[in-house]
Amino acid sequence: MAPVETGKRATPLTVSIIVPVLDEEPRIGDMLARLHHDFPGCEVVVVDGGSSDATPDLVRPPARLVHSVRGRGAQLNVGVAHSSGDVLWIHHVDTRVDPAALGQLRAALADRAVVGGGLTLRFDRRTAGLAYVAATSNTRARRLGWIFGDQAMFVRRTTLQALGGFPDLPVMEDLELSRRLVRIGRTVLLPATCTASARRFTEHGTLRMLVFMQWLKLLYFAGADPAALARRYAAGPRPLRRRARPRVPAAWPQLPDSHIRDRFTGGQR
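Structural notes, computed from the coordinates. (Residues numbered from 1 in each chain as written. Predicted model: local features only at pLDDT ≥ 70, side-chain atom pairs only at ≥ 80, totals over all residues. Heavy atoms only, no water.)

One pass over the full model with this rule turns up 4 aromatic pairs. Measuring from centroid to centroid gives 5.1 Å for Phe 39 and Trp 89, while their planes differ by 65°, and the two rings are edge-to-face. Taken as a pair, Phe 39 in the loop between α1 (25-38) and β4 (43-48) and Trp 89 in strand β6 (residues 87-90) lie far apart in primary sequence, 50 residues in all. Neither residue differs from the other here; Phe 39 and Trp 89 are each classed as buried. Residues Trp 146 and Phe 221 carry aromatic rings whose centres are separated by 5.6 Å and whose planes lie at 45° to one another, so their mutual orientation is tilted. Pair noted here: Trp 146 is in the loop between α4 (128-144) and β9 (154-156) and Phe 221 is in helix α8 (residues 206-221), with a separation of 75 residues, a long-range link. The class of Phe 221 is partly exposed, set by a relative accessible area of 37%. Three or more aromatic residues joined by ring pairs make a cluster, and in this case those are Trp 146, Tyr 220 and Phe 221. (Phe/Tyr/Trp six-rings, centres within 6.5 Å; stacked < 30°, edge-to-face > 60°. Helix = DSSP H or I, 4+ residues; strand = E, 2+ residues; numbered from the N terminus. Buried < 20%, exposed > 50% of the residue type's maximum accessible area, 1.4 Å probe, protein only.)

So, in structure tokens, the structure goes:
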């Protein structure tokens, strides 16, 4: 464990798990049970962004429920404000984190040059397309330092405070924070895995979803309105347009038998 100096005695880094949620009733109970079982020493703060279902009612001690306006960046900042850990660790409801990750996280942060990082991404379904998505995401995280929420991003509290908190964006807040982190320190990708849900890829198609996400990133870099991007992300890729089939008459005109015979015989009997 990486020590933190507190007066004359060093204590281990404490970790707060921040879970932003919105209408996650079917998944949040199992997710919290896993967190309490796998990471019993971590503080868990669930930030509800205005759920219309029973999500808030399913958050029970030792997890703590706080409320926020809707928007990933805003929810994360509220969670940070209501947490106490030396490290902020972001978990999504539809991801499953390897229990070995906590020890690796603390070991990585023993290096003071490391300001944050994430976990190795994989999906809960195995297809060639999803394997490609995971491989490219992990390569991007290692080489560019771009770590996304489904990779269980973590960051030192002192570093996050120096940066002014999470970018107050409804989407792309993880990408923007990653870009800021690599400017001031080193980020790492831990070998422990974060298994993300493939539900959106299954719903829309892996290739279409991959192209869609790259297109949203390009729009973000081009200066598009983040609120508009958030609405676009929530809606998903536009449905494919089907080509209109040629219209077939309800009934072909009936021609006399003599007309058909004349067409083939030249009028000869």
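What follows deals with the pairing of β6. With burial as the criterion, each face of β6 is covered, one bearing Val 87 and Trp 89 and the other bearing Leu 88 and Ile 90. Bridge count between strand β3 (residues 15-21) and β6: 4 bridges; the pairing is parallel. Residue pairing for β6: Ile 18 is matched across the bridge by Ile 90. Judged from the 3 bridges that link them, β6 and β9 form a sheet pairing that is antiparallel. Looking at the pairing, Trp 89 lines up with Phe 154 of β9. (Pairing = 2+ DSSP bridges.)

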